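# Survey of secondary and tertiary structure
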Amino acid sequence: MWGGRFAEGPSAVMREINASIPFDKRMWQQDIRGSRAHVAMLGQQGIVAPEDAAAIAAGLEQVAAEFEAAGVPDDLALEDIHMLTEARLSDRIGPVAGRLHTARSRNDQVATDFRLWVRDAIDQAEAALGALQDALLSRAEEHADSVMPGFTHLQVAQPVTLGHHLMAYVEMVARDRSRLTDARARMNLCPLGSAALAGTGFDLDRGMTAAALGFDGPTRNSLDSVSDRDFAIEYLTAAAQTALHLSRLAEEFVIWASQPFGFVSLSDQWSTGSSIMPQKRNPDAAELVRGHSGRIVGSLVSLMITMKGLPLAYSKDMQDDKPPVFEAHDLLGLSIAAMTGMVESATFRTDRMRSAAEAGFSTATDLADWLVREGGIPFREAHHITGRAVAAAEAAGIRLDQLSITQLKEIDDRIDDRVYGVLSVEASVSSRTSFGGTAPVRVREAIAAARRGREEDVR
Ligand code: ARG
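All figures in this text were calculated on a predicted structure; none of them were measured in a lab.

## Some words on the site of the ligand
- For the ligand, the full set of nearby residues is S20, D80, H82, R106, N107, V110, Y314, K316, Q319 and K322.
- Contact between the ligand and Y314: an oxygen atom at 2.5 Å from a side-chain N or O atom of the residue.
- For the ligand, the accessible surface in isolation is 350 Å², of which the surrounding protein chains cover 86%.
- The element contributing the most residues to the shell around the ligand is helix α6 (residues 106–142), with three residues.
- Tallied by class, the residues present in the shell around the ligand amount to two nonpolar, four polar and four charged.

The following block contains the structure:
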């Protein structure tokens, strides 16, 4: 298609390094959509005769049907999806196919196709994250009262509820979704009509093609239009951040599913066995979600480094933009689906969680707070008194609430038996009613608020 000035064809290696068809064929639908919009505009503007525009539009439908039925062949000689589609069009409708590329370059074409593809990827990730939030919300509601240890430094810190813990991930996912939404709004402008880099002398209606492709309008600078890949980087940034969150949740499942913790049993559907140790039930899916996050972050780094230092406008390096985006999209989709499945089907061992919360002197802060509130003791002193109570309980091998009143009074005689009202893990979580706190009433409010937010999204 571009061979007019050449006497010889490319070498085999040249052909191979040049070709993007093995991966960019994933954009065939976007390429057909873009061409359909472009030729309709060329026809309307009288740049191509109406009957030619109609013949091209009909031919594009035939090519689409062929790709749909038979797939897109890896024809390296045709380089990329844009040239392959045009070649197939020409096979179908003859030389009139040559009018499609009027006032267009592969540079604005690929920028348009890729934006359409990334926009779809954003929409899919958003919807999948919505389903993950729904799964987290329903498990959180089920466990709004279930006590578990809250950790800092992975040491038992204070009791929290499992519902509160799961709601923390609902917050993270909400931010991930809002980042995707922001990226989508910013990217939704159409580069088509920027041509190779400088615009074109043909009397285009760029607003028409933009609208036909669901963009908010045309991009404003032709050089920027063909050289910008911010939209892909922003998508990967949002994907990488999402992957970090998924990886943290996956890590919790790996820890919780281990025998010493035993906080969760993964269903058979989300476990694998070992080929040598018959007793094993491994959390492979969670481990792979954790592992995939590294590859997704790697995709972001890959594209950033590709784009770094490229002069305006288009350079062929930019063809390497697609594999990392495709890979991140595939891995992210799988990871979100796997975490959603694990959250939905996990059995939470609330008995084990509760006894772990009780075992770690997790209500020590509640004792200190009680001494401040009821005894008028400064917090630092209360902290010290409580530390002595913890040491006494630890030495006796009992929980804080198993210390007798005599033992407690020996430590500080301002303690009286009303203190037992705050030493249980239930009393502890119920008392944490500050906005955003773990008290079951607050957790239920947070769940209701998140659900209202989800309804607004859907509307
Ligand atoms: N296959 C190319 C890409 O993905 C299409 C654009 C090529 N443009 C060019 N002038 N060689 O970036």
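## Quick look at the UniProt feature "domain: Fumarate lyase N-terminal" (unreviewed entry) in the chain
- Summarizing the sequence annotation, UniProt attributes the feature "domain: Fumarate lyase N-terminal" (unreviewed entry) to residues 4–298 in the numbering used throughout.
- Secondary structure across residues 4–298 comprises 61% helix and 5% strand; the distance between its end C-alpha atoms is 40 Å.

## So, the side chain of T161
- Structurally, T161 is set in strand β2 (residues 155–161).
- In this structure T161 touches H143, A144, D145, S146, V147, M148, V429, T438, P440 and V443, once residues within four positions along its chain are discounted.

## Considerations on the pairing of strand β1 (residues 147–152)
- With six bridges connecting them, β1 and β2 associate as antiparallel partners. When the sheet's bridge partners are listed, P149 is paired in β2 with P159.
- The turn linking β1 back onto β2 is made up of two residues, and H153 within it adopts a positive phi angle of 55°.

## Considering the pattern of salt bridges
- In this structure the tally under the stated criterion is 33 salt bridges.
- One salt bridge in this structure joins R88 and E66, with 3.1 Å as the shortest N-O distance. You can see R88 sitting in helix α5 (residues 81–93) and its partner E66 sitting in helix α4 (residues 50–70), a full 22 residues away along the chain.
- R88 sits in the buried class, given a relative accessible area of 17%.
- Two residues, R295 and E327, come together in a salt bridge whose shortest N-O distance is 2.9 Å. Here the residue R295 occupies a position in helix α11 (residues 284–307), and E327 occupies one in helix α12 (residues 322–345), the gap between them amounting to 32 residues.
- The class of R295 is partly exposed, set by a relative accessible area of 41%.
- One continuous salt-bridge network, built from bridges that share partners, spans E66, R88, D91 and R92.

## Notes on helix α15 (residues 379–396)
- Counted at 1.5 Å a residue, the expected span for α15 with its 18 residues is 26 Å, and the 25 Å between its end C-alpha atoms agrees.
- Along α15, the residues that are buried comprise A382, I385, T386, A389, V390 and A393. For α15, the angular spread of the buried residues around the axis is 150°, confining them to a single face. Exposed and facing more than 90 degrees away from the buried side of α15 are R380, H384, E394 and A395.
- Taken together, the buried residues of α15 touch α14 (364–375) and α16 (405–411).
- With its phi angle positive at about 70°, G397 sits one or two positions after the end of α15.

Each value, and the rule that gives it
- Residues numbered from 1 in each chain as written.
- Predicted model: local features only at pLDDT ≥ 70, side-chain atom pairs only at ≥ 80, totals over all residues.
- Heavy atoms only, no water.
- Near = heavy atom within 4 Å.
- Polar contact = N/O pair within 3.5 Å; in protein donor to acceptor, adjacent residues only side chain to side chain.
- Areas by Shrake-Rupley, 256 points an atom, 1.4 Å probe, with all protein chains shown as cover.
- Helix = DSSP H or I, 4+ residues; strand = E, 2+ residues; numbered from the N terminus.
- Nonpolar A, V, L, I, M, F, W, Y, C, P; charged D, E, K, R; others polar.
- UniProt positions renumbered as here; feature names shortened; annotations may be inferred.
- Contact = heavy atoms within 4.5 Å.
- Pairing = 2+ DSSP bridges.
- Salt bridge = Lys/Arg side-chain N within 4 Å of Asp/Glu carboxyl O.
- Buried < 20%, exposed > 50% of the residue type's maximum accessible area, 1.4 Å probe, protein only.
- Expected span 1.5 Å × (residues − 1).
- Arc of directions from axis to C-beta.

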